[in-house]
Amino acid sequence: MSQFPSSTQAIRQEHVMGYHTSETLPTNVKDASAQELQKLVYCGIDLNMQIKESHWTMAGREFLSIHRLFDEVSEAIEDTVDDYAERVSQLGHKPNGVLQVVADKSPLTPYPKEIKDIDEHVEVIAHRLAFFSDLAYQAINKMDEHGDVISVDLVTSRTRDIDKLIWLVESHLPKKR
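Residues numbered from 1 in each chain as written. Predicted model: local features only at pLDDT ≥ 70, side-chain atom pairs only at ≥ 80, totals over all residues. Heavy atoms only, no water.

**Regarding the environment of Asp 82**
Line of reasoning, step 1. Checked against the element boundaries, Asp 82 lands in helix 3 (residues 63–90).
Line of reasoning, step 2. The sequence separation of Asp 82 and Gly 44 amounts to 38 residues, and the corresponding C-alpha distance is 9.4 Å. (Helix = DSSP H or I, 4+ residues; strand = E, 2+ residues; numbered from the N terminus.)

Given below as structure tokens:
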């Protein structure tokens, strides 16, 4: 018998979410917050990989400054996802960051392969960051309705940072007249 579970066993195990935690929130609040945070984990992992895709494939004027900026943005998104996934665990759930699952569950559209212009890369990443921020605002409202002030505080803090990243990324776009 193989020491690795069959794909059917793995799928069943994926759906075993809860485990014991001393977190004092009511179970329904923990479940609702973990679900909202998991959505952000899916989107954040996808976003981070899209930032890296752009970072790897761009070329043109101001390449070095944009390349470095996208490194910083990628690191910030990775740290954000890590915080969200850890909060999912604190709430008694198992976070899921498996790439195949992320690809299926992320609400982001795939990164456009046809982009060649560096300004287009910057614009796409700015829009993707804004989408992630909007998803976070939605999660904040839902978690606030349930009374999970800690998760709300975490996502609010991280969203403030993401909104600043949007501003930094968009500052590299040509001014529209």
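**Observations regarding the side chain of Asn 96**
Line of reasoning, step 1. With respect to the secondary-structure elements, Asn 96 resides in the loop between helix 3 and helix 4 (99–105).
Line of reasoning, step 2. A relative accessible area of 13% places Asn 96 in the buried class.
Line of reasoning, step 3. For Asn 96, the side chain forms a polar contact with the main-chain nitrogen of Val 98, separated by 3.0 Å. (Buried < 20%, exposed > 50% of the residue type's maximum accessible area, 1.4 Å probe, protein only. Polar contact = N/O pair within 3.5 Å; in protein donor to acceptor, adjacent residues only side chain to side chain.)

**Here's the deal with unusual backbone geometry**
Line of reasoning, step 1. Positive phi outside glycine occurs at Glu 62, with the angle close to 60 degrees.
Line of reasoning, step 2. Turning to its location among the elements, Glu 62 is positioned in the loop between helix 2 (27–57) and helix 3.
Line of reasoning, step 3. Look at Glu 62 and you get partly exposed, because its relative accessible area is 44%.

**Brief notes about the nonpolar core**
Line of reasoning, step 1. By size, the foremost hydrophobic cluster in this structure holds 46 residues, and its most contacted members are Leu 40, Phe 70, Ile 77 and Leu 129.
Line of reasoning, step 2. Broken down by secondary-structure element, the contributors of at least two residues to this core are helix 2, helix 3, helix 4, helix 5 (118–146) and helix 6 (149–170).
Line of reasoning, step 3. Tallying contributions element by element places helix 5 first for this core, with 12 residues.
Line of reasoning, step 4. The contact partners of Leu 129, leaving out residues within four places of it in the chain, are Leu 47, Val 73, Ile 77, Ile 162, Leu 165, Ile 166 and Val 169. (Core = buried A, V, L, I, M, F, W, Y, C linked by side-chain atoms within 4.5 Å. Contact = heavy atoms within 4.5 Å.)

**Digging into the side chain of Asn 48**
Line of reasoning, step 1. Looking at where Asn 48 falls in the secondary structure, it is placed in helix 2.
Line of reasoning, step 2. Classification of Asn 48 as buried rests on a relative accessible area of 11%.

**Side note on the confidence of the model for the chain**
Line of reasoning, step 1. A residue-level look at the chain finds 89% of positions with pLDDT of 70 or above and a mean pLDDT of 90.
Line of reasoning, step 2. Mean pLDDT values for the elements of the chain range from 39 in helix 1 (residues 7–14) up to 98 in helix 6.
Line of reasoning, step 3. Here residues 1–16 scores under 50 on pLDDT; set against residues more than four positions off or in separate chains, the count is 4 contacts. (pLDDT = per-residue confidence, 0-100.)

**Regarding a negative patch on the surface**
Line of reasoning, step 1. A surface patch of negative charge is lined by Glu 72, Glu 75, Glu 78, Asp 79, Asp 82 and Glu 86.
Line of reasoning, step 2. Relative to the elements of secondary structure, Asp 79 occurs in helix 3.
Line of reasoning, step 3. A relative accessible area of 37% places Asp 79 in the partly exposed class. (Patch = residues over 30% accessible without salt bridge, like charges linked within 9 Å, V, L, I, M, F, W, Y side chains within 5 Å. Areas by Shrake-Rupley, 256 points an atom, 1.4 Å probe, with all protein chains shown as cover. Salt bridge = Lys/Arg side-chain N within 4 Å of Asp/Glu carboxyl O. Lys, Arg positive; Asp, Glu negative; His and termini not counted. Charge placed at Lys NZ, Arg CZ, Asp CG, Glu CD.)

**Here's the deal with helix 3**
Line of reasoning, step 1. Given a rise of 1.5 Å per residue, 28 residues ought to cover 40 Å, and the 40 Å separating the end C-alpha atoms of helix 3 matches this to within 8%.
Line of reasoning, step 2. Among the residues trailing helix 3, Gly 92 stands out with phi positive, at a value near 90 degrees. (Expected span 1.5 Å × (residues − 1).)

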